[in-house]
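Okay, here's what each chain looks like letter by letter:
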Amino acid sequence: PFVALDCGALPADLATSELFGHVKGSFTGALGDKEGCFQQANGGTLFLDEVGNLTYDNQVKLLRVLQERKVRRIGDNKEIAVDVRIIVATNEDLPTAAAEGRFREDLYHRLNEFTIVLLPLRDRTEDIPLFAEHFLLKASARLKRTATSFSPEVHERLLTHPWMGNLRELNNVIKRAVLLSTSETVGMEQMPIEIIGGASMRPRVKQESTAAPVSDDLRAVSQEAEKQAILTALERNSFNKSKTAEALNIDRKTLYNKLKTFGIEI
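Along every chain, residues carry numbers that run from 1 in the direction the sequence is written. Residues qualify for local features only when their pLDDT is at least 70, as the model is predicted, and side-chain atom pairs are given and counted only at 80 or more; totals for whole chains, interfaces and linings, by contrast, use all residues. Side-chain measures here rest on the full set of heavy atoms in the structure, leaving out hydrogens and waters.

A. Looking closely at the overall build of the protein. The number of helices and strands found in the protein is 12 helices and 9 strands. Over its C-alpha atoms the protein spans a radius of gyration of 24 Å, topping by over 25% the 18 Å that the globule rule assigns to 266 residues. With the principal axes as the frame, the protein shows a C-alpha extent of 65 × 60 × 35 Å. It only takes one pair of heavy atoms within 4.5 Å for two residues to be counted as in contact. In the protein, the share of contacts with a sequence separation of at least 24, taken over all contacts with a separation of at least 6, comes to 67%. For the area figures, the Shrake-Rupley method with a 1.4 Å probe applies, and any residue is considered shielded solely by the protein chains shown. With the model as given, the accessible surface of the protein reaches about 16700 Å², and the carbon-plus-sulfur share is 50%. In this tally Asp and Glu are treated as negative and Lys and Arg as positive; neither His nor the chain ends contributes. One atom stands in for each charge, and that atom is NZ of Lys, CZ of Arg, CG of Asp or CD of Glu. Charged side chains of the protein number 35 positive and 37 negative; the gap between the two group centres comes to 4 Å. Numbering of helices and strands runs from the N terminus, with a helix taken as a DSSP run of H or I at least four residues long and a strand as a DSSP run of E at least two residues long. Radius of gyration here is computed from C-alpha atoms only, and the compact-globule reference equals 2.2 Å multiplied by the residue count raised to the power 0.38.

As structure tokens, this is what we get:
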């Protein structure tokens, strides 16, 4: 079996029950016995999405299950052996979270046996046609349309669009285009304005650019690194200042001041 659980959408008070299960009468609303995700995935795979959102208490319980390979349902007095492959995913920087005490370091190291870093879609453009065709055929079948291909203009624009929303954005764009299509070929007239506009529709970052001098001045080097970190964070967060400030672990006012200092205009 393959069982997936979105920890990011899981209320903290229900996480223990969803993960490990409960017995009837163990708490208000427990009207019957319930198997947790570990039992459901026994002999197979349990995928925990956004694992960084688990509460500290549930991190402790998860670590114990991974170590002992046994679960105890809420209200039960016996343990149940489980054999489960664990895959976790997160947008959180877990090493930083562990260093700051927001995520248990021992749990991080227990989970971190193998790591796969997924590149953003814009950094693997060779995959875009494959996904686009898949979403096209899937949407055509679901929406009962005849679209089976893209015009050359659409194909080119799909390759050059930055896809800040990655696969979700690509899927939504293709689905919308298929919904509006009346022929076998999806053309530019079915594309949303952000695709038609291409790169010109992206937020513009205006900054003064000069050749970076070779310098041993540690302060100058540090400021340049800080500037590049801000620009990278802006790009990753679709130029949303609130999300960028949060990603950089600073408040909005500080971000505004630094943008002004470095001459970055959005």
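B. Representation of the side chain of Gln39 within the structure. Relative to the elements of secondary structure, Gln39 occurs in helix 2 (residues 37-40). Here Gln39 is in contact with Phe20, Val71, Arg73, Ile80 and Val82, once residues within four sequence places are set aside.

C. Main features of the sheet that holds strand 4 (residues 45-49). On the basis of which strands lie adjacent, the open sheet formed by 3 strands has the order 1-4-7 and parallel pairing. Both edges of this open sheet fall to strand 1 (2-6) and strand 7 (85-89), since each of them pairs with a single strand only. Recorded for the sheet is a direction-independent mean angle of 15° between the axes of neighbouring strands. Pairing between strands requires that DSSP locate at least two bridges from one strand to the other. With 5 bridges joining them, strand 1 and strand 4 adopt parallel strand pairing. Only the stretch in contact is used when a helix axis is fitted, and all axes are lines through C-alpha atoms; the angle between N-to-C directions ranges over 0 to 180 degrees.

D. Broad picture of the nonpolar core. Ranked by size, the top nonpolar core spans 27 residues in total, and within it Leu19, Phe38, Leu46, Leu48, Leu62, Phe103 and Leu107 carry the most contacts. Among the elements of the structure, strand 1, helix 1 (12-20), helix 2, strand 4, helix 3 (56-68), helix 4 (94-99) and helix 5 (105-111) are those that each provide at least two residues to this core. Here the element with the most residues in this core is helix 3; it accounts for 4 residues. Definition of nonpolar core: a set of buried residues of the types Ala, Val, Leu, Ile, Met, Phe, Trp, Tyr and Cys, connected through side-chain atoms within 4.5 Å. Burial classes follow relative accessibility: with a 1.4 Å probe on protein chains only, a residue under 20% of its type's maximum area counts as buried, one over 50% as exposed, and anything between as partly exposed. One finds Ala139, Phe150, Leu158 and Leu170 within the second-largest nonpolar core, a separate group that totals 20 residues.

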